[in-house]
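For reference, the chains in residue letters:
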Amino acid sequence: MRSVAAAAVSTPTAFVLRDEVQAGDVLLAWQSSDTGAMISMEFGEADGWVEKQQQTGFGWVGTKVYQKTAQADETDVYGLQQGLTAKGTIHILAISGANPAGVLIVVGGTDTCPAAVPSSSSGLEIRYQAGIPFTPGTVSWDSPPGYEQRSMQSGTSTTSCLAVRAYSSSAPLDEVALTPSALLADRLGITVLVASASGSGGGTPPTPPEFPATSPSRGTTRMRYTVHDLLTGVYVGEFTNLSGVTMDRRLGEPGTFQASLAVPNRRVARRIQEIIPADPTDLSVGPGRLVVHCWRSGILWGVYWLHTAVIERPEGAKGVGIQLQGSTLDGYLHSVNLEDDVSFAADQIANARDLILHMQATAASNIGLGLMAGTSGSVRALAAATSANTTYGRLLTDYARTDGGFEWVVNPTVIGGSIVRSWEWGAPKISNPSAVHVFQEGGDLTTWREERSALRRGTRFGVIGGTPEGDATETRVPARSALIETPHIAAGWPIIDKRIQHPGQSTTVGVLDAYARYWADRAAGSTRVFSASLVLGKNPSLDPNGLGDWARFVLSNPWHAITADGAAGLNVSQRIIGWALSPADRGSRGKDKVQLITEQEVPE
């Protein structure tokens, strides 16, 4: 909802002022009147308003509902007509990001607004009631919790109330009563549902916004760190003296950014304070509001939400220093709580998109993620209640981590001089076996490490869920999945138990079983994670957005002995599931190094 305006009208004709609108907004209006006739009621006809529905009152005229789409040159006022002695009200609602063809109007309610069935999985639910007092007098209204309300009354006669909230499920919506403070001689109820333009259920995702790249030119310096506003992308400044920088990205969890800033004098302090203000009451910049764009030789290696700055003078230090911490944009999703019950029942990828759209429907949490289209072919419900006290990031991560689930990542990409923050997915995994990067020991591969540990994995998995509701006097126990044994036990391994708490505290056994199978497939036996450190050349083949690409490692050493026919002892391809970049500090003459984290498996 962009804006709502309401007015009382006590003359046969009047001009009504609207509130804020933008071109493309869906505009709706409700006109109610006590005397005269329906035919005498008219609103905005000269400005393109179209009557869509009407409902007659008992002993009074009733209500008309109108609709139009806002134009670039939309007028500020609209003409209204009603009966000669009528006292009426008008409500005008402007809705951004709505589908003009997705407006459903249900009339016929009396003491309640009628039930309705949404045509999409997200949109705006609007309840309207109007009537005339049994005894002339002032009337106020109350709406159920969760609705944003605007009421109006013309003198001591016609009274009306508009209540609005977002919906995030295609499940039927029950009738709703708006409660007047005084007895009404008669009243009517109307329900209007307005589908989001992107309430997909598998449809085409909306076009993402573009953020100015402010890309530094190649060749000026190898690493640059420009700072921008998180929500708008507006350039704020640049960190020019960062040291100890590390940045990483991983599939399945937010990546991190860490760096240090030295503050040797007031001149440097003033420059840094344009980004990290000395006055904590300065809300124009600072951690939480900003992102850091990390550029290497003109290539964007990451966008990190700057959430922490620790300003300190440690013991024995000669000056002040600042420690910076940040996370990739998917980490921001873990900082926005779900404040509405949601329920989606389409393909799992469409459900994931609709969950992100639900978060981004609020301007202050809209970080402009563009959503990759397509579906996985797996239809399974995504539902959560506010009582779960979870975040969008936690909910989406847990939903993806199930048997038959998917992987997702946020890739910032420079396109045509602007940055697109692209949410991308792969089912069951993000994998691109055709993109293989070859690294050879003795060349750019400097160190490697393989970790094997049975303590971090298991051979028998079970998931513990929430406690079902019931009689408080009865003993209740948490729901549990079936125990899933891995093939290791049949091969002679001992039982190594892993019990996992379901993050959503589900009490549905099928959900718990699927979660147990997910971890049994991915965490069986002993950990075998391979990582390698590489010297990063001037123009590496490695793509910062290449999570899911493959790395081919060629090793010959005492552990991986050369074969009888002279081939390398280890020559394997593994999926890249993470990387960590450590740029050399400015002036150190060191080399940029990147650590690759890979998953040992055979491409399908």
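Scroll up a little and you will see the structure.
What counts, and where the lines are drawn
Residues numbered from 1 in each chain as written. Predicted model: local features only at pLDDT ≥ 70, side-chain atom pairs only at ≥ 80, totals over all residues. Heavy atoms only, no water. Buried < 20%, exposed > 50% of the residue type's maximum accessible area, 1.4 Å probe, protein only. Helix = DSSP H or I, 4+ residues; strand = E, 2+ residues; numbered from the N terminus. Pairing = 2+ DSSP bridges. Polar contact = N/O pair within 3.5 Å; in protein donor to acceptor, adjacent residues only side chain to side chain. Contact = heavy atoms within 4.5 Å. Axes fitted to C-alpha atoms, helices over the stretch in contact; angles between N-to-C directions. Expected span 1.5 Å × (residues − 1).

Let us now look at the pairing of strand β10 (residues 123-133). When you tally the buried positions in β10, you get 11 out of 11 residues, the bulk of the element. In this sheet, strand β15 (residues 184-196) lies alongside β10 in antiparallel orientation, the contact comprising 11 bridges. What sits directly across from L124, in β15, is V194. Pairing between β10 and strand β13 (residues 159-167): nine bridges, direction antiparallel.

Turning next to the side chain of T89. Position of T89 among the secondary structure elements: in strand β8 (residues 88-95). Here S160 takes part through its side chain, which lies 2.8 Å from a polar atom of the side chain of T89. Those residues within four positions of T89 in sequence are excluded, and the remaining contacts are A7, W30, Q31, S32, Y128, M152, Q153, S154, T158 and S160.

Attention shifts here to the pairing of strand β6 (residues 62-69). For β6, a buried count of seven out of eight residues is recorded, marking the element as mostly surrounded by other parts of the structure. In this structure, strand β3 (residues 26-33) lies alongside β6, joined through eight bridges in antiparallel fashion. Within β6, the residue paired with V26 across the bridge is T69. In this sheet, β6 lies alongside strand β5 (residues 50-56) in antiparallel orientation, the contact comprising six bridges. Its bridge partner being in β6, T56 is matched across the sheet by G62. Hairpin connection of β5 to β6: five residues between the antiparallel strands, including G59 at a positive phi of 90°.

What the five strands build is an open sheet, ordered β1-β8-β3-β6-β5; its pairing is antiparallel. Looking at strand neighbours, the two that pair on one side only are β1 (3-9) and β5, the edges of this open sheet. On average, each strand axis in the sheet is tilted by 15° relative to the strand beside it, whichever way the strands run. Of the pairings in the sheet, the one linking β1 to β8 comprises seven bridges and is antiparallel in character. Counted as the bridge partner of V4 is L93 from β8.

The next subject is the sheet that holds strand β9 (residues 98-109). Reading across the sheet, the five strands line up as β9-β15-β10-β13-β12 and stay open at both edges, with antiparallel pairing between neighbours. Taken across any chain shown, the strands that pair with only one partner, and hence form the sheet edges, are β9 and β12 (148-153). Put simply, the sheet's adjacent strands are angled 15° from each other on average, direction ignored. Here β12 runs beside β13; their pairing, made up of six bridges, is antiparallel. Following the sheet pairing, S151 is matched in β13 by C161.

Moving on, we get to helix α6 (residues 509-522). Between its terminal C-alpha atoms α6 stretches 20 Å, which fits the 20 Å expected from 14 residues at 1.5 Å a residue. L512, D513, A514, Y515, A516, Y518 and A520 are the residues of α6 that are buried.

Further remarks concern unusual backbone geometry. With an omega dihedral of 0°, the bond running from A427 to P428 counts as a cis peptide bond. Topologically, P428 is positioned in the loop between β28 (418-426) and β29 (436-440). Positive phi outside glycine occurs at S297, with the angle close to 50°. As for its position among the elements, S297 is in the loop between β21 (290-296) and β22 (299-312). Looking at S297, the relative accessible area reads 19%, which means it is buried. Notably, N389 is not glycine yet its phi reads approximately 50°, a positive angle. Inspection of the secondary structure puts N389 in the loop between β26 (382-384) and α4 (392-400).

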